[in-house]
Amino acid sequence: MDIQLKRGLLDVCVLAAIKDGESYGYKIIKDMKPYIELSESTLYTILKRLESASMLTVRTAEHDGRLRKYYRITDRGQKRINDFKQEWQEIVSIYKFVTKEGDGND
C-alpha cells in the first residue's frame, strides 16, 4: 500500500478512536486492536503529527503515580474525519472500477 495513503488512513483511525472522548495511548491501541494492529511507536508518531496539525489536544495528568498523556479531538480533527467520509465514497468508486469484471461489451 502506498505509504502516504496508509499514513492518511492511520491518522483518521486514531482520530476516530478518540472522537467520542478523551483517551490515552494504551487505550487507543486497545480500542483499535479489533480493526488494525498498531505499535506504540507508530501510535505516538501519529499522535505527535496530529497534535502539530491541531487535530487533537494533549494534557498530562497523574494516574497511579505516573504521568499520563490524555488526547482529545479538536474541531479540526473532527472535520478531518468528516472529510475522510466524503473522500471514502470516491475511493470506493475507484475500487469498484478497478475490480469490476468484464461487462460482456467487448
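Structural notes, computed from the coordinates.

Conventions and cut-offs
Residues numbered from 1 in each chain as written. Predicted model: local features only at pLDDT ≥ 70, side-chain atom pairs only at ≥ 80, totals over all residues. Heavy atoms only, no water. Pairing = 2+ DSSP bridges. Helix = DSSP H or I, 4+ residues; strand = E, 2+ residues; numbered from the N terminus. Axes fitted to C-alpha atoms, helices over the stretch in contact; angles between N-to-C directions. Parallel < 35°, antiparallel > 145°, perpendicular 65-115°, else oblique. Contact = heavy atoms within 4.5 Å. Nonpolar A, V, L, I, M, F, W, Y, C, P; charged D, E, K, R; others polar. Buried < 20%, exposed > 50% of the residue type's maximum accessible area, 1.4 Å probe, protein only. Salt bridge = Lys/Arg side-chain N within 4 Å of Asp/Glu carboxyl O. Phe/Tyr/Trp six-rings, centres within 6.5 Å; stacked < 30°, edge-to-face > 60°. Lys NZ or Arg CZ within 6 Å of the ring centre and 35° of its normal.

Our next topic: the pairing of strand E2 (residues 66–73). Two elements, strand E1 (residues 56–63) and E2, share 8 bridges in a ladder whose sense is antiparallel. Within E2, the position partnered with Leu56 by the bridge is Ile73. As consecutive antiparallel partners, E1 and E2 are separated by 2 residues, and within that stretch Asp64 has a phi angle of approximately 50°, a positive value.

Turning to the packing of helix H2 (residues 25–32) against helix H3 (residues 40–52), a few remarks are in order. Look at H2 against H3: their axes get within 10 Å of each other, and the N-to-C directions meet at 110°. One element, H2, and the other, H3, form an angle in the roughly perpendicular class. Listed contacts from H3 to Gly25, Tyr26, Ile28 and Ile29 of H2 are Glu40, Leu43, Tyr44 and Leu47. Across the contact of H2 with H3, the residue classes break down as 6 nonpolar, 1 polar and 1 charged.

Looking at where Leu56 falls in the secondary structure, it is placed in strand E1. With relative accessibility at 2%, the residue Leu56 sits in the buried group. Through-space distance from the C-alpha of Leu56 to that of Asp75 is 8.4 Å; in sequence the pair is 19 residues apart. When neighbours within four sequence positions are excluded, Leu56 is seen to be in contact with Ile18, Leu47, Leu50, Glu51, Tyr71, Arg72, Ile73 and Thr74.

Our focus in this paragraph is the pattern of salt bridges. In the structure shown here, the tally under the stated rule is 7 salt bridges. The closest approach of N and O atoms between Arg72 and Glu22, which form a salt bridge, is 3.9 Å. One end of the pair, Arg72, is in strand E2; the other, Glu22, is in the loop between helix H1 (3–17) and H2, with 50 residues separating them in the sequence. Given a relative accessible area of 41%, Arg72 falls into the partly exposed group. Among the salt bridges present, the one from Asp83 reaches Lys79, with a minimum N-O distance of 2.9 Å. Of this pair, Asp83 and Lys79 both sit in helix H4 (residues 75–99), 4 residues apart, which is roughly one turn of that helix. Among the residues examined, Asp83 registers a relative accessible area of 24% and is labelled partly exposed. Residue Lys79 is classed as partly exposed on the basis of its relative accessible area, which comes to 49%. What you see here is one network of salt bridges that share partners, running through Glu22, Arg59 and Arg72.

A separate point is the packing of aromatic side chains. Applying the stated criterion across every chain, the model contains 2 aromatic pairs. When the ring of Tyr24 is compared with that of Tyr70, the centres are 5.9 Å apart and the planes differ by 75°; the resulting orientation is edge-to-face. One end of the pair, Tyr24, is in the loop between H1 and H2; the other, Tyr70, is in strand E2, with 46 residues separating them in the sequence. Look at Tyr70 and you get buried, because its relative accessible area is 12%. Across from the ring centre of Tyr70, 4.6 Å away, lies the NZ or CZ of Arg59, which sits over that ring. Directly above the aromatic system of Tyr24 lies the positively charged group of Arg68, at a separation of 3.7 Å from the ring centroid.

Worth remembering: the numbers are spatial, not functional.
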